[in-house]
Amino acid sequence: MRDYPCDLCGNEDLSEVACAPTYMAGRPLHVCTACGMVQVAHRKTPEQVKAAWADEMYRADQTTRLSDTTYTARMPAVHARQTFAMDFIDEAVSFRGKSVCDLGAGEGDFLEMIQGPDYGATEVFAVEPSVANCRMLDERGIANFVGIAEEYVEQAGEREGGFDVVTIIWTLENCHSARDVMDAAWRLCKPGGHVAVATGSRILVPFKKPLQYYIGPNADVHPYHFSARTLAGYMAQAGFRKTHVNRFIDSDYLVMVGEKTDRTATLSWEDDNATVVLGFFERWDKETRGFYMEDGPNP
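A quick note: this is a predicted structure, and the numbers were derived from the prediction, not measured.

Asker: Just give me the short version of the sheet that holds strand β10 (residues 189–200), but keep the residues and values in it.
Answerer: Overall, mixed pairing links the seven strands, which are arranged β8-β7-β6-β9-β10-β13-β12 in an open sheet. At either end of the open sheet lies a strand with only one pairing partner, and these are β8 (143–146) and β12 (240–245). Taking each pair of neighbouring strands and ignoring which way they run, the sheet shows an average axis angle of 20°. As judged from the six bridges shared by strand β9 (residues 163–169) and β10, these two strands associate in the parallel manner. When the sheet's bridge partners are listed, I169 is paired in β10 with A198. Strands in contact with helix α5 (residues 131–139) are β7 (123–128) and β8; relative to β8, the strand with the most contacts, it is inclined by about 170°. Against the sheet, helix α8 (residues 228–238) engages β10, β12 and β13 (253–260), with an angle of about 20° to β13.

Given below as structure tokens:
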């Protein structure tokens, strides 16, 4: 465990969210005082975070249950959000006739669907750290790399700069460095290609769930919490010009598409106000305690 500076802007001055340890088994959550990015600054090493997703979060014996310690895409809620992301991205850039690389592909449901006749991707490729998941990808006939995006891009060879679309579907929030993953996406995209990121819409929007159902003790495997502005900041820093974003204000989902630029010009982006973000969590905690705490902070 060590303390890291802001992953988005590099600032070392981060403020703690006062209520967070109540929900996170004593663990802190931080807001960057410069850009307002919400993140777990005191976290495990890159190797430990990778190992958690590769060896612990997916279990061969689970079926359709999510918990604080395991994850699966084989449940209606996850299938629904993947379908929403698919349709939004397809409408923005079209998968048909395209090559698609999915970073953090999980069990392969997303890629299997987009290579079907409804979406028509001509080639799909998965980057996934879980060996068990890659066996499932093999069974589905989906070409894959066992590892994380940063590892794949270093040995991609002729595939670097070879994909029309790179997708990051409910994965960017789970990486050790979201900035490094966005850079890997840029390197994997063709000139003029696109990146598409799907994540939850929770920060600086109307409260959509009690706070104990959003932040919890397993903080290292979900260290980032994006607003629309900070996600656009990650795109801009990586060299993607934002082209499409869904109506995230009253949706559970935040889906953003960006076009690869040549990085010769700096792309502008807006910070979140750190004081406003800290106040947002204070109000969220107050609402949760007032109406949704019958079962305690971590049911």
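Asker: If you had to explain the packing of aromatic side chains to someone new, which residues and values would you point to?
Answerer: The description of two aromatic rings rests on the distance between their centres and on the angle between their planes. Evaluated as defined, the whole model comprises 16 aromatic pairs. Here F280 and F281 contribute two aromatic rings whose centre-to-centre distance is 5.8 Å and whose plane-to-plane angle is 80°, an arrangement assigned as edge-to-face. For the pair formed by F280 and F281, the shared burial category is buried. One aromatic cluster in this structure is built from F207, Y214, F280, F281 and W284.

Asker: I'd love a proper account of the environment of G116, names of residues and values included.
Answerer: Topologically, G116 is positioned in the loop between α4 (109–114) and β7. C-alpha of G116 to C-alpha of R96: the two residues are 20 residues apart in sequence and 9.7 Å apart in space.

Asker: So what's going on with the nonpolar core? Which residues, and what values?
Answerer: Counting 40 residues, the largest nonpolar core has M37, L103, I168, L172, M182, L188 and F240 as its most contacted members. Those elements that place two or more of their residues in this core are β6 (99–103), β7, α6 (149–154), β9, α7 (178–188), β10, α8 and β13. Per element, the largest residue contribution to this core is seven residues, and it comes from α7. Setting aside anything within four residues of it in sequence, one finds M182 in contact with I168, L172, V195, V197, Y234, M235, A238 and F240. In this structure, A85, F110, A196 and V255 belong to the second largest nonpolar core, which totals 26 residues.

Asker: Hey, could you go over the sheet that holds strand β2 (residues 14–16) for me, with residue numbers and the actual values?
Answerer: Pairing is antiparallel across the open sheet formed by four strands, whose spatial order is β2-β3-β4-β11. Where the open sheet ends on each side, the last strands, each with one partner, are β2 and β11 (224–225). Bridge count between strand β4 (residues 38–39) and β11: two bridges; the pairing is antiparallel. When the sheet's bridge partners are listed, V38 is paired in β11 with H225. Of the strands in this sheet, β2, β3 (30–32) and β4 are in contact with helix α9 (residues 274–291), which crosses β3 at around 160°.

Asker: An account of the environment of V181 is requested, with residue identities and associated values reported.
Answerer: In this fold, V181 is placed in helix α7. Beyond its immediate sequence surroundings of up to four residues, V181 is in contact with L103, A149, E150, I168, L172 and C175.

Asker: Please provide a residue-by-residue account of the layout of surface pockets, values included.
Answerer: Estimates place the volume of the second largest pocket at around 210 Å³. Forming the boundary of the second largest pocket are A228, R229, A232, A236, F240, R241, K242, L267, S268, W269 and E270. Sorting the residues of the lining of the second largest pocket by element identifies α8 and β12 as the ones contributing at least two each. With four residues, α8 is the largest single contributor of residues to the lining of the second largest pocket.

Asker: So, the pattern of salt bridges: which residues are in play, and what are the values?
Answerer: A full pass over the atoms with the stated rule returns 13 salt bridges. With a closest N to O distance of 2.8 Å, E123 and R159 form a salt bridge. Linking E123 in strand β7 with R159 in the loop between α6 and β9, this pair joins segments that are 36 residues apart in sequence. A salt bridge links D183 to R263, with the shortest nitrogen-to-oxygen separation between them at 2.7 Å. With D183 in helix α7 and R263 in the loop between β13 and α9, this residue pair connects regions lying 80 residues apart in the sequence. Note on R263: relative accessible area 35%, which makes it partly exposed.

Parameters and conventions
- Residues numbered from 1 in each chain as written.
- Predicted model: local features only at pLDDT ≥ 70, side-chain atom pairs only at ≥ 80, totals over all residues.
- Heavy atoms only, no water.
- Pairing = 2+ DSSP bridges.
- Helix = DSSP H or I, 4+ residues; strand = E, 2+ residues; numbered from the N terminus.
- Axes fitted to C-alpha atoms, helices over the stretch in contact; angles between N-to-C directions.
- Contact = heavy atoms within 4.5 Å.
- Phe/Tyr/Trp six-rings, centres within 6.5 Å; stacked < 30°, edge-to-face > 60°.
- Buried < 20%, exposed > 50% of the residue type's maximum accessible area, 1.4 Å probe, protein only.
- Core = buried A, V, L, I, M, F, W, Y, C linked by side-chain atoms within 4.5 Å.
- 1 Å grid on protein atoms, 1.4 Å probe; cavity = no way out; pocket = protein on both sides within 12 Å on 5 of 7 lines; lining within 4 Å.
- Points joined across faces, edges and corners; volume = space filled by probe spheres on them.
- Salt bridge = Lys/Arg side-chain N within 4 Å of Asp/Glu carboxyl O.

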